[in-house]
Amino acid sequence: MAELVLSAFLGVLFEKLASAALKSFARNKGIDAEIKKWQRSLSQIQGVLADASYKEITSPPVKRWLNDLQHLAYDIDDVLDGWLTEAMQSESTHDSEGIANKVRKLIPACCTNFSQSTSMHDKLDSITAKLKDLVEEKAALGLSVTEDTRPRNNNNRRFQSSVVDPSSIVGRQAQKEALVQQLLLVDEPCDQKFSIVPIVGMGGVGKTTLARLLYDEKQVKDHFKLKAWVCVSDEFDSFRISKEIFQSMASQEVSDFNRLQEALRDQVRDKRFLLVLDDIWSESYADWETLVRPFYTCAPGSKIILTTRKDQLLKQLVYKPQNKQLHGLSNDDALSLVARHALGVNNFDSHLSLKPFAEGIVKKCGGLPLALIALGRLLRTKKDEVDHWNEVSNNEIWRLKEEGGVLPALRLSYHDLSATSKRLFAYCSLFPKDFLFDKEELVLLWMAEGFLQRPTASGSTEERLGHEFFDELLSRLDNESEKNIRKEMLEKYRHMSFVREEFVAYKKFEAFERAKSLRTFMATSVGEIESWRRFYLSNKILTDLLPELPLLRVLHLGDFYISEVPESIGTMRHLRYLNLSRNAITHLPESVCNLYNLQILILFGCDNLTKLPNNFLKLKNMRYLDVRDTPLLFPMLLRIGELKSLQITLSKIHIESEGGIEIAKLKDFKNLCGKFSVVGLEKVHNATYAHEANFSQKWLSELELVWSDELSDSRNEMLEKEVLNELRPCDDKLIKLKIRSYGGLEFPSWVGDPLFLHLKHVSISGCKRCTSLPPLAQLPSLKELFIKGLYEVEFVGFELSGAGHAFPSLEILCFDDMRGWKKWSGVVFPRLQKLQIYDCPSLVEVTLEALPKLNVLEIKGCESGVLMSLVQITSKFTKLEIRDISGLNDVVWRGVIGYLEAVEELLISNCNEIRYLVESDAVATR
C-alpha cells in the first residue's frame, strides 16, 4: 500500500510546485525551467503508482523503486520548503533593512550570492538527476500507466442476506442471548417508538453473522409483526434502502421517493417491526433522519439492528458504542473454528501435533472469525503436513496476500483507510507501547509535519480535519507497530522519538549527527508523568546535536529541566512545532523570531517564563500558542493578539481593575481555545465589557467563571446576571462548565440550553443568592452534575428537569451544602449510576419516580427520611455509604435494610441511634 501514501505525498508536492510564491521565487532565481521538468517527471511517475502497487508485493526491485521514490519525495519537499522559507524571510525583511540595504546594493550580487547560488544549483542538479533515473527505471521495471481497478465500493457486500446456518457458527451464544433480550424489550426508555440495537466492531469480527443469528431466532420472529434486512455498505442511498425495506415488508414497489416514504409510514403504522441495516459506513445524521422519518407511526418496541465498524453516527444518536463493541472469539472458540475449516472436526484432540501451531495462528489473528476461516481453508489441503502448519504459524506471509477475496488477519481495517489516514497512522509508531495519546497534541504534530492539507471548505481548519482523522483511526484501528532501528540507515531517517529517562546523555544520540534528513526529534513517556519527577537533558544535545539537524520540523523537549534555550535554535528554519513545556526557562532567545515557519509553540507549565521575545510578531505563520500556567502578564499577551490566525490557550485571567475592563480586551484573542478561567468577575461594572469579550465566537472546551466568595451588599444581582448572560460560550465546543460564587438570583437562559450538544460536566457552586437551579435536564450529553452551596434554593423539581425526556446521559449527580433545600421531586433518571447528597439538613421530602441504573448511593448530614425515600425507588445499587444521618434509629433502619438485598459494600459512620445492623441470623443471611 506504499503507493497510496506516496500518492498523497506527491499531491502535496504538486501543490507546492504550483504555488504563486514558489513560481515567483523560481523566476527570480532563473530556475523555473527546472521546476517545470520536476513537475513533468513527477507526473509520469504518479501515473504508474497504481501498477507499482500490485507489483511491489512480489517484486523486490519495484519495492526498492518505491522506497527510493519516497526518499526523493522527502528531499524535494525539504528543498521546496527551504526556498519558500527564503522567500518569506526576504519578504519579511524587505521593508526593514533601511540604510544597510542601500549599502549592500553597492556590492555586486555575484559577490554575495555565489555560495548560495552554487548550493541551490547543486541541489537542483542532484534532484533532477535522481528523478531522471527513476523515470528511466520505471520503464525497465515494466511499470505502466493503469487505472486503479480496486473497487472503492465492495458491490458484493450488497448481496449479503439474512440467511444463516446456525450449526456453522462457533461462539457468540452469550452475545446473542443478551441481544435477544434487548430486542424483546417493549418499554425500553427512548425518545422514539423504535430504538437502536448497535453491533460495532472491526472488519471480520462477525457483526453480520451475529445479526443473522438474531434475525433468524424464533422468539424474535414471533415478537415482530414486520421484518426487513438491508445491506447498506459504503453508499448510504436513502431511496434504495427505503425501497428494499418496503419491498420486504409489503412485497410491493414504489418508484417515487415521496410516495415511498408515505407508503412506509402507512405500512408500519401501529405495527412492531424489526429492521436490520447491515454494514453502515455513513456518518451523516441528516441521511439517517431522512431514512427513519416514516417510522414515527410504528408500535412501541420496534427495533433497528445496526452493524458498523465506525461509531460516529451512533455518537450523534447519543449511544455509547464502546459498551456495544463486538470483540474477537475466545481462544477455545477460535481454535474450534480453525479445526472445523482446516480439519473438518470440532477440536484438535485427534491432531495434537498441529495444536501448538493452531494456537499461534489464533493468537496472531486476534480471534477474528473472517481471518480464521480464511486460514483454515488455506490449510485444509495440508491436514497432516506439520512443517506447513509450522511455516504458517511462524511466518506472516498471509498478511501480504488475499486468499479467495478475503483480506486476512488484523490488516482488514488498515486496508480500508485513506492514503492520508495511513500516513497519520504510521506516524503513531513513533510513540512507545502503552503511550497515552493526547488528541489535541497529536493533531498539532500532524499539522507540523504537513500531513494535514489545509481544507478549502468554508469554516474548516486543519485542526478540525485532524480531529476527524483521529476519530476515524480511534474507531477503526487497534494495531501495534514494531520499530527496529538500524544504525546504517541513519542518513535516511526522517522521524525519531525516545523515551525520557532521568538523565539523558549526549552519547546516546551521538550517532544521530549523521541523520541530516531528520524531521522529528521527540521525547515521549509511557503513562502519565508524576509532577514531582524531573528529567535532565545533556546540554551538548542542545548545543552540538540539534544544530546538525537542519531539517527538523518537530522538536519536542517537554518535561526536561532546561534552563536556557541556545541562540542556535533560530537556524532551524524548517521548524513548525516547538514544545518546551514544563521547562525551567526564564525567556526565549530573540533568534526564535527567525523561525518563519513556526506554527505551534507550547510553553505550558514554564513556571519561570516571564517574557516573550520582542519581535514575536514576526512569526506570521503561528497557529497555536499554549501558555497555560506561565507567569506571562496579560498585557504582554494582548500584544500578540495581533497575529490574526493565532489560537492561544491561556489558563486564566485575573480581573484586577476596578471597572473590570480587562475582560473586554479578550476580544483581541479571536481564536482563544481550550480551557479558560476568568477570576474576579464581581469587578466587572458594565455588562458591555463582557459582551465585547465575544465568548460565543471562541473555541472553548472548558470554561470557568468565578466571582468573589465575599457576598457584600455592593454586589448587584441584576448586573451580575447581565454579565453572566453576555459570557455565553460557543455551544458547538463546550465540554465542561463551572460557575462559582455568582451573585445573581437566577441564571440566564443559556445555562442549560440543549443546544450545548457536547456539554458533559457542569459544576455550580457558592451561588448563595440563587433561589432556583437552571433547567439542565435537557442537555443531551451531560454526564456529571455538581451542585454546591446554593443556600437559598428550597425546591428542586420541574425547574431543573423541565419537560420531556430528562437527563438522558447523566451518570453522576452530587448535591452538597444545600442548607435551605427542603423538597426534591422529579422524573426518572434513566442512566444515573452514582448519587451523592451531602450536608442538606433541611431536606425532608424526596419524590422521584425511579433510579433504575443506580449503583452507588452516598448520603451525609441529612434526615433519615431522605435515605428511606431513595432506597425505595432503587433496588439494584451495590454500594451504600451513610454518615451523620439524623433520626436513623432501629425502627427506621429496619425499614431501610429490607431494600438492601443487592448491596455488596456498606459503610455507616456517626449514625449513633442505630443499636444493631440486623435483628437475627435469619435476616443476616437474606
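Quick caveat: nothing in here was measured; it's all calculated off a predicted structure.

Definitions and limits used
Residues numbered from 1 in each chain as written. Predicted model: local features only at pLDDT ≥ 70, side-chain atom pairs only at ≥ 80, totals over all residues. Heavy atoms only, no water. Helix = DSSP H or I, 4+ residues; strand = E, 2+ residues; numbered from the N terminus. Areas by Shrake-Rupley, 256 points an atom, 1.4 Å probe, with all protein chains shown as cover. Core = buried A, V, L, I, M, F, W, Y, C linked by side-chain atoms within 4.5 Å. Buried < 20%, exposed > 50% of the residue type's maximum accessible area, 1.4 Å probe, protein only. Pairing = 2+ DSSP bridges. Axes fitted to C-alpha atoms, helices over the stretch in contact; angles between N-to-C directions. Phe/Tyr/Trp six-rings, centres within 6.5 Å; stacked < 30°, edge-to-face > 60°. Right-handed = clockwise from strand over helix to strand, strands pointing away. Contact = heavy atoms within 4.5 Å. Parallel < 35°, antiparallel > 145°, perpendicular 65-115°, else oblique. Left-handed = near helix turned anticlockwise from the far one by under 90°. Nonpolar A, V, L, I, M, F, W, Y, C, P; charged D, E, K, R; others polar. Expected span 1.5 Å × (residues − 1). Salt bridge = Lys/Arg side-chain N within 4 Å of Asp/Glu carboxyl O. Patch = residues over 30% accessible without salt bridge, like charges linked within 9 Å, V, L, I, M, F, W, Y side chains within 5 Å. Lys, Arg positive; Asp, Glu negative; His and termini not counted. Charge placed at Lys NZ, Arg CZ, Asp CG, Glu CD. pLDDT = per-residue confidence, 0-100. Disulfide = S-S within 2.5 Å. Polar contact = N/O pair within 3.5 Å; in protein donor to acceptor, adjacent residues only side chain to side chain.

## Section: the overall build of the protein
Okay, step 1: Along the backbone of the protein there are 30 helices and 27 strands.
Okay, step 2: When the accessible surface of the protein is summed, it comes to about 43800 Å², and 49% of that surface belongs to carbon and sulfur atoms.

## Considerations on the nonpolar core
Okay, step 1: Core analysis: the biggest nonpolar cluster contains 136 residues, and F521, L603 and W824 have the highest contact counts within it.
Okay, step 2: Top contributing element to this core by residue count: helix α28 (residues 864-873), with 5 residues.
Okay, step 3: With 39 residues, the next largest nonpolar core counts V180, A211, V276 and L343 among its residues.

## Regarding the sheet that holds strand β3 (residues 273-280)
By way of backbone hydrogen bonds, the strands of a sheet pair with one another, either parallel or antiparallel.
Okay, step 1: With parallel pairing, the 4 strands of this open sheet are ordered in space as β1-β4-β3-β2. Single-partner strands in this sheet number two, and they are β1 (194-200) and β2 (226-233). Taking the axes of each pair of neighbouring strands and ignoring which way they run, one obtains an average angle of 15 degrees across the sheet.
Okay, step 2: Across 5 bridges, the pairing between β3 and strand β4 (residues 302-308) is parallel. Across the sheet, residue V276 finds its bridge partner in β4, namely I305.

## Things to note about the packing of aromatic side chains
Okay, step 1: Counted by the stated rule, this structure contains 19 aromatic pairs.
Okay, step 2: Ring geometry for Y215 and W229: centres 5.5 Å apart, planes at 80 degrees, overall edge-to-face. Of the two residues, Y215 is situated in helix α9 (residues 207-216) and W229 in strand β2; the sequence distance between them amounts to 14 residues. Accessibility assignment for this pair places Y215 and W229 in one class, buried.

## A look at the pairing of strand β16 (residues 699-706)
Okay, step 1: Of the strand pairs in this sheet, strand β15 (residues 671-679) and β16 are connected by 7 bridges, and their pairing is parallel. Residue V679 lies in a different strand from β16, and its bridge partner there is V706.
Okay, step 2: Tracing the backbone out of β15, into helix α25 (residues 687-693) and back to the parallel element β16 gives a crossover that is right-handed.

## Quick look at the side chain of D890
Okay, step 1: Its place among the elements puts D890 in helix α29 (residues 890-897).
Okay, step 2: The buried category is assigned to D890, whose relative accessible area is 7%.
Okay, step 3: Residues contacting D890, with those up to four places away along its chain left out, are E913, I914, R915 and Y916.

## Topic: unusual backbone geometry
Okay, step 1: Positive phi, close to 65 degrees, is recorded for D279, a residue that is not glycine.
Okay, step 2: With respect to the helices, strands and loops of the structure, D279 is situated in strand β3.
Okay, step 3: Classification of D279 by relative accessible area gives buried; the value is 9%.
Okay, step 4: Positive phi is not limited to glycine here, since D817 has a value of about 55 degrees.
Okay, step 5: Position of D817 relative to the elements: it lies in the loop between β21 (812-816) and β22 (823-826).

## Some remarks on the packing of α28 against α29
Okay, step 1: It is the contact of α28 with α29, at a shortest axis distance of 9 Å, that shows an interaxial angle of 15 degrees. With respect to α29, the axis of α28 lies roughly parallel. For α28 against α29, the interelement crossing comes out left-handed. In this structure, α28 uses S864, L867, M868 and V871 to contact α29, whose residues at the interface are V892, G895 and V896.
Okay, step 2: Considered class by class, the residues forming the contact of α28 with α29 number 5 nonpolar, 2 polar and no charged.

## Regarding α28
Okay, step 1: All buried positions along α28 are accounted for by S864, V866, L867, M868, L870 and V871.
Okay, step 2: Contacts made by the buried residues of α28 are with β23 (834-838), β24 (845-848), β25 (856-860), β26 (879-883) and α29.

## Observations concerning the sheet that holds strand β20 (residues 795-796)
Okay, step 1: Sheet architecture is open: 3 strands sit in the order β20-β22-β24, paired in parallel fashion. The sheet is open, and its two borders are formed by β20 and β24, each paired with just one other strand.
Okay, step 2: Sheet topology places β20 next to β22; 2 bridges connect them, and they run parallel. Looking at the pairing, F795 lines up with K823 of β22.

## Topic: helix α15 (residues 331-343)
Okay, step 1: For α15, which comprises 13 residues, the first-to-last C-alpha distance of 17 Å matches the rise-based estimate of 18 Å (1.5 Å per residue) to within 8%.
Okay, step 2: Within the sequence span of α15, burial applies to A334, L335, S336, L337, V338, A339, H341, A342 and L343.

## Considering the pattern of salt bridges
Okay, step 1: Applying the stated criterion to the full structure yields 36 salt bridges.
Okay, step 2: The partner of D78 in a salt bridge is R494, and the shortest N-O contact between them spans 3.7 Å. Pair noted here: D78 is in helix α5 (residues 60-94) and R494 is in the loop between α22 (462-476) and β5 (495-499), with a separation of 416 residues, a long-range link. This pair shows no difference in class: D78 is buried, exactly as R494 is.
Okay, step 3: Residue R628 is joined to D626 by a salt bridge in which the shortest nitrogen-to-oxygen separation is 2.8 Å.
Okay, step 4: Where salt bridges share partners, they join K16, D75, D77, D78, D81, R494, R519, R553 and R576 into one cluster.

## Examining the packing of helix α11 (residues 238-250) against helix α12 (residues 257-268)
Okay, step 1: In the contact formed by α11 and α12, the axes pass within 10 Å of each other and the chain directions differ by 40 degrees. If you check the angle between α11 and α12, you find them oblique. Taken as a pair, α11 and α12 cross one another with a handedness that is left-handed. In this structure, α11 contributes S238, F239, S242, K243, I245, F246, M249 and A250 to the contact, and α12 contributes F257, L260, Q261, A263, L264, Q267 and V268.
Okay, step 2: Among the residues making up the contact of α11 with α12, the classes are represented as 10 nonpolar, 4 polar and 1 charged.

## Regarding a negative patch on the surface
Okay, step 1: Taken together, the side chains of D68, D133, E136 and E137 make up a negatively charged region of the molecular surface.
Okay, step 2: In terms of residues, the negative patch owes the most to one element, helix α7 (residues 109-140), which gives 3 residues.
Okay, step 3: In this fold, E137 is placed in helix α7.

## Some words on the confidence of the model for the protein
Okay, step 1: For the protein, the mean per-residue pLDDT works out to 80, and 83% of the residues sit at or above 70.
Okay, step 2: The least confident element of the protein is helix α6 (residues 98-104), whose mean pLDDT is 41; the most confident is strand β18 (residues 761-765), at 97.
Okay, step 3: When the criterion is pLDDT under 50, residues 396-413 qualifies, and its contacts beyond four places in sequence or with other chains add up to 39 contacts.
Okay, step 4: Below pLDDT 50 for its whole length, residues 476-488 participates in 20 contacts with residues either more than four positions away or in separate chains.

## Thoughts on the state of the cysteines
Okay, step 1: A complete count under the given rule lists 0 disulfides for this structure.
Okay, step 2: Looking at the unpaired C814, the closest cysteine sulfur is the one in C840, lying at 8.5 Å.
Okay, step 3: Since its relative accessible area comes to 7%, C814 is described here as buried.

## Observations regarding the side chain of R769
Okay, step 1: Among the secondary structure elements, R769 is positioned in the loop between β18 and β19 (784-788).
Okay, step 2: The exposure class of R769 is buried, given its relative accessible area of 16%.
Okay, step 3: In this structure the side chain of R769 is engaged in a polar contact, spanning 3.2 Å, whose partner is the backbone oxygen of S712.
Okay, step 4: From its side chain, R769 meets the backbone oxygen of R715 in a polar contact 3.2 Å long.
Okay, step 5: When neighbours within four sequence positions are excluded, R769 is seen to be in contact with L711, S712, R715, E717, G743, G744, L745 and E792.

## Describing a positive patch on the surface
Okay, step 1: Together, K23, R27, K36 and R40 line one region of the surface with positive charge.
Okay, step 2: Residue position: K23 is located in helix α2 (residues 20-29).

## Here's the deal with the pairing of β18
Okay, step 1: Across the 5 residues of β18, 5 count as buried, placing the element largely inside the fold.
Okay, step 2: Of the two faces of β18, the one lined by H761, S763 and S765 and the one lined by V762 and I764 are each fully buried.
Okay, step 3: Bridge analysis of strand β17 (residues 736-740) against β18 gives 5 bridges, and the strand direction is parallel. Across the sheet, the residue bridging to R740 is S765, located in β18.
Okay, step 4: One ladder, built from 5 bridges, connects β18 with β19; its direction is parallel. Directly across from H761, in β19, lies its bridge partner E784.

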